[in-house]
Amino acid sequence: MNIHLNRAFFSNDNPHLFGLSIYFQGCDRNPKCPYCHNPQTWAPYQGYEYELDELIEVIFNKLDYVFDSYDKLSLCYVGGEPLAPYNRDAVLAISKAVKARYGDKIVNVLFSWRMPDEIIEGGLMPYIEYIDEFVLGPYDYTLRNYTDENNTEVGFPASTNQLYIKKEELIYASTI
Amino acid sequence: MQVQFSYQPEFDELLNKLEHKYGTDMLELEGLGSNLDLDKFNKKFFSNDLVGDVSVDYNANVRSKHMGTYFTEVYKPFTKLNSLYVIWKELKKYYGKAIADEFIESEINGAIYLHDAHHAAFMPYCYAYSLEQIVRDGLPFIDTIQSVPAKHLGTFIQHVIQFVMFASNQSSGAVGLPDFFVWMNYFVKKDREDGLIPAGMEEWYINQYFQILTYSFNQPIRTNQSPYTNFSYLDRNYLKSIFDGAKYPDGSSIVDQIEDIIKLQKMYWEWIAAERAKQMFTFPVLTASLLYKDGKFVDEDSAKFINKVNMRWQDTNWYISDSIDAVASCCRLTSSIKSLKLSLGSDKLVGMSNSIGGSDLNIGSFKVITINLPRIALESNRKEKEYIQILSHRVELVQKALHVIRIIIQERIEQGTLPLYNVGLMKLDRQYGTIGITGVWEAADLMGLTEQNADGLNYTKCGEQFVQDILSIIRGKIESGLDDYGFTFNIEQVPAEKAAVALAQKDRLLYSDQAGYKLYSNQWLPLVADTDMLNRIKYSGQFDKQVSGGAILHINLGSPFRTEEESWKLVNLIAQKGVMYFAFNQKISTCKHGHAFIGERCPVCGGNKVDEYIRIVGYLVPVSSFNKTRREYEFVNRKFY
């Protein structure tokens, strides 16, 4: 399986943990979120192409380089849309592989425009088995979340309609 | 009327030949074109807003345009020409006309860059002074007004200010004062014992002197700019090692008072952090020297303190070493005591061992000449074998030039025109001849040895080897240079505030179809490169130790750290990866009153942001004073994390 990434950079996308963010190429939301922060990731099959195994190796190498100095790291799946049809298999494979290698030392965090019901009803639960935390919902510019009065520092989540929930909360939502 | 220069006809012929060969634009870039025409210079100076657009040797520390600036700048093209002539003459005497001509041609066409060229044949570069001698003797070397040793803190502070005024006008680069707090502590103690400090007001008393000192350092007292001063926070290990056995004038042991010195250092770092909210400062450049061994900071209290106090402005450079043989003094240059000791031979080594204590800080660089590494890629037609051959030859040319500059400085010392040497405050034997490098990344890029992937710009594996090869060649020449020339060289990835721009301009002029860079990198990866921050750390960890003269890693922060813990973990990661010298950069806003803050609106006066401070290379200056290329291209495109 080949996968397209826009970038794989260390960042503070997780509000509590330093970690690696992998930006999947391609977003399946239509229309796209106005004022999206990453419009360069919209088009699928662009960016840097990797064989899945090769990409997992790249991720291992990057995480290994840092793990000496950190007890715990986050791995954020961002985009683009990680749960788009052409990305979701890679999300599952990567999240499974890092859990197998690092266990609880890695916190998998999925960023998706989909809300919980769209994940559940869309039959996407199998793809998020190894995800620990979620930032869900489309970016809404009118509800953008800034941390300062001058609107320069983007807060977390990026807009106040988005949900930052743990896996247990999503599973609970799937049962009701 | 014709202005006469009684230079040897061969020098005149050489310049004419080079003008014919490279064109007037090249001489213009060198500052030896219209700047030598006083009438044209006048028009240019007074019609430009920024001194930097006129000066032949501009830096962002020159911010005021006034008549004092004019009279400083107007002579620079002439003293630059004069310096080049004096060096050419000396090279011709020692190495023959061909080498002398090659040096001038290489300087003018941008294959090399002679830093502070207008001073080059007259003044040394930088020095990290110990204040021990000033504490012991006062300022007897300032012959117009001699001062006896200070008895109280107020006098000591005045002596330091006066010394900096004097010393900064006797050298081109930094005046490092790494042991300032060690000696200040003595006078604080003395004033306390003498009952001069009002009861309960010691902190206020000390802060008053911090204020006098710091505001004075930032006055334009070095012709038209502030002296480039450095303060070091020395951790307990540095203090113990450097001052072991040393005593204050009252006979008390310095190392017995380490906790007082640490406290004083902390007080200054906290004072200046608070004071910046009232007035942003450029100087002194602050560096923390910290020992890091076996995966941790040995003096963790000091490291955690620096981490905490740095949260506000990120105004301290981190110097992290696994041995206490070197102290970072300039913004970047790392002066290794160990290396210089070895260079002096066993006889002198004994003498220097006896002087371990404050005096061991007496160290620096007498001159820097930088090699334009991308130029060699262009000259070699991007062939590695040819690249290495040209590089070897160019390092030898630079070594010869440094050799004769050293001889010239030696003559100046013998003539008594550099009195700080005559009184022992500076020692030429404790100054490196510095071989600068710039544009490592662009050289590799031109050679086709870089790549871009999902984690951004990187060197290819062959590219990493290419950088190693470059550094190995220069290091090899440095080691053999000790026997060949009788003094110690070092290597520095130079800040190249202006040089990086000037050399890229010259390359575009000569190789317009192949060279498109606006400036060359002073980092292993360009500040503007879209690349993972971890790549910057990785390459610094990989290459820093090979650059004996220093290299600084800049990590530009898009927003302040959220917590101390977040910063501390990243600091430890950087240290663990072998990075020796680094700084976090964050944009510091200023309002029209000079108050510093983060963001858009001043919390003190409510005024809007009118400028931003950030390290241009090693020191914090307003972006508005950056030269045009750094202001309009490099700063705008810098990668922030």
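Structure: above.
My aim in this report is to walk through the structure given alongside it, one point at a time. (Residues numbered from 1 in each chain as written. Chains lettered and ligands numbered in written order. Predicted model: local features only at pLDDT ≥ 70, side-chain atom pairs only at ≥ 80, totals over all residues. Heavy atoms only, no water.)

1. Here's the deal with the packing of helix α1 (residues 9-22) of chain B against helix α6 (residues 97-109) of chain B
Residues and elements named next belong to chain B.
Link 1 in the chain: Contact pair α1 / α6: the axes reach a minimum separation of 11 Å and the direction vectors enclose 40°. In this view, α1 runs oblique relative to α6, as classed from their interaxial angle. Regarding α1 and α6, the two cross each other, and that crossing is right-handed. Seen from α1, the contacting residues are Glu10, Phe11, Leu14, Leu15, Leu18, Lys21 and Tyr22; seen from α6, they are Lys97, Asp101, Ile104, Glu105, Ile108 and Asn109. (Axes fitted to C-alpha atoms, helices over the stretch in contact; angles between N-to-C directions. Helix = DSSP H or I, 4+ residues; strand = E, 2+ residues; numbered from the N terminus. Parallel < 35°, antiparallel > 145°, perpendicular 65-115°, else oblique. Left-handed = near helix turned anticlockwise from the far one by under 90°. Contact = heavy atoms within 4.5 Å.)

2. Overview of the nonpolar core
Link 1 in the chain: Ranked by size, the top nonpolar core spans 247 residues in total, and within it A:Ile94, B:Phe103, B:Phe156, B:Phe163, B:Leu177, B:Phe180 and B:Met184 carry the most contacts.
Link 2 in the chain: No other element matches the 13 residues that helix α17 (residues 384-415) of chain B contributes to this core.
Link 3 in the chain: Not counting residues up to four positions away in its chain, the partners in contact with A:Ile94 are A:Ile22, A:Phe24, A:Leu52, A:Leu55, A:Ile56, A:Ile59, A:Leu75 and A:Tyr77.
Link 4 in the chain: Residues A:Leu17, A:Val107, A:Val109 and A:Phe111 belong to the second largest nonpolar core, which totals eight residues. (Core = buried A, V, L, I, M, F, W, Y, C linked by side-chain atoms within 4.5 Å. Buried < 20%, exposed > 50% of the residue type's maximum accessible area, 1.4 Å probe, protein only.)

3. Some points on the interface of chain B and chain A
Link 1 in the chain: Of the residues lining the interface, 26 residues belong to chain B; the matching set on chain A comes to 25 residues.
Link 2 in the chain: Approximately 2,000 Å² of surface area, both sides summed, lies buried where chain B meets chain A, with 50% of it carried by carbon and sulfur atoms.
Link 3 in the chain: Its largest share of buried area at the contact with chain A, chain B owes to B:Ala454, B:Arg562 and B:Lys569, together 28% of the area lost on that side.
Link 4 in the chain: Our enumeration of links across chain B and chain A arrives at four salt bridges.
Link 5 in the chain: One can count 14 residue pairs in polar contact (both at pLDDT 80 or more) joining chain B with chain A.
Link 6 in the chain: Taken together, the elements giving at least two residues each to the side of chain B that touches chain A come down to β12 (450-453), α22 (533-543) and α23 (564-576) of chain B.
Link 7 in the chain: With six residues, α23(B) is the single largest residue contributor to the side of chain B that touches chain A. (Buried area = accessible area lost by both parts, 1.4 Å probe. Salt bridge = Lys/Arg side-chain N within 4 Å of Asp/Glu carboxyl O. Polar contact = N/O pair within 3.5 Å; in protein donor to acceptor, adjacent residues only side chain to side chain.)

4. Remarks on the sheet that holds strand β17 (residues 588-590) of chain B
Residue and element names in this part refer to chain B.
Link 1 in the chain: Here we have four strands laid out as an open sheet, ordered β18-β17-β19-β20, and antiparallel in their pairing. Every interior strand has two partners, whereas the edge strands, β18 (596-597) and β20 (620-622), have only one.
Link 2 in the chain: Pairing geometry for β17 and β18, over two bridges, is antiparallel. Among the inter-strand pairings, Ser589 is bridged to a residue of β18, identified as Phe597. (Pairing = 2+ DSSP bridges.)

5. A word on the pairing of strand β6 (residues 133-136) of chain A
Residue and element names in this part refer to chain A.
Link 1 in the chain: Burial along β6 is two-sided: the face carrying Glu133 and Val135 and the face carrying Phe134 and Leu136 are both buried.
Link 2 in the chain: Where strand β5 (residues 106-112) lies against β6, four bridges are found, and the strand directions are parallel. By the bridge assignment, Val109 is partnered in β6 with Glu133.
Link 3 in the chain: Relative to strand β9 (residues 163-166), β6 is paired through four bridges, and the arrangement is antiparallel. Residue Glu133 lies in a different strand from β9, and its bridge partner there is Lys166.

6. A short note on the sheet that holds strand β2 (residues 19-24) of chain A
Residue and element names in this part refer to chain A.
Link 1 in the chain: As summarised here, the arrangement of the seven strands in space is β3-β1-β2-β4-β5-β6-β9, forming an open sheet in which the pairing is mixed. The open sheet has two edge strands with one neighbour each: β3 (48-51) and β9. Shown here is a sheet whose adjacent strand axes are inclined to one another by a mean of 30°, direction ignored.
Link 2 in the chain: Across the face of the sheet, helix α4 (residues 167-175) comes into contact with β6 and β9 while running at roughly 95° to β9.

7. Some points on the packing of α1(B) against helix α5 (residues 76-95) of chain B
Residues and elements named next belong to chain B.
Link 1 in the chain: Close contact between α1 and α5 brings their axes to 11 Å; oriented N to C, the two are set at 115°. The crossing of α1 and α5 is right-handed. Within the contact between the two elements, α1 uses Glu10, Phe11, Leu14 and Leu15 and α5 uses Leu81, Leu84, Tyr85, Trp88 and Lys92.
Link 2 in the chain: Residues belonging to the contact of α1 with α5 are distributed by class as follows: seven nonpolar, no polar and two charged. (Nonpolar A, V, L, I, M, F, W, Y, C, P; charged D, E, K, R; others polar.)

8. Brief notes about unusual backbone geometry
Link 1 in the chain: Cis rather than trans, the peptide bond between A:Gly79 and A:Gly80 has omega equal to 10°.
Link 2 in the chain: Along the chain, A:Gly80 falls in the loop between β4 (73-78) and α2 (88-102).
Link 3 in the chain: Following B:Phe283, the chain continues into B:Pro284 via a peptide bond in cis, with omega recorded as -5°.
Link 4 in the chain: In this fold, B:Pro284 is placed in the loop between α12 (258-276) and β5 (285-293).
Link 5 in the chain: One non-glycine residue, B:Asn381, adopts positive backbone phi at about 55°.
Link 6 in the chain: Along the chain, B:Asn381 falls in the loop between α16 (373-379) and α17.
Link 7 in the chain: Look at B:Ala496: it is not a glycine, yet its phi comes out positive at around 50°.
Link 8 in the chain: Overall, the relative accessible area of 4% leaves B:Ala496 in the buried class.

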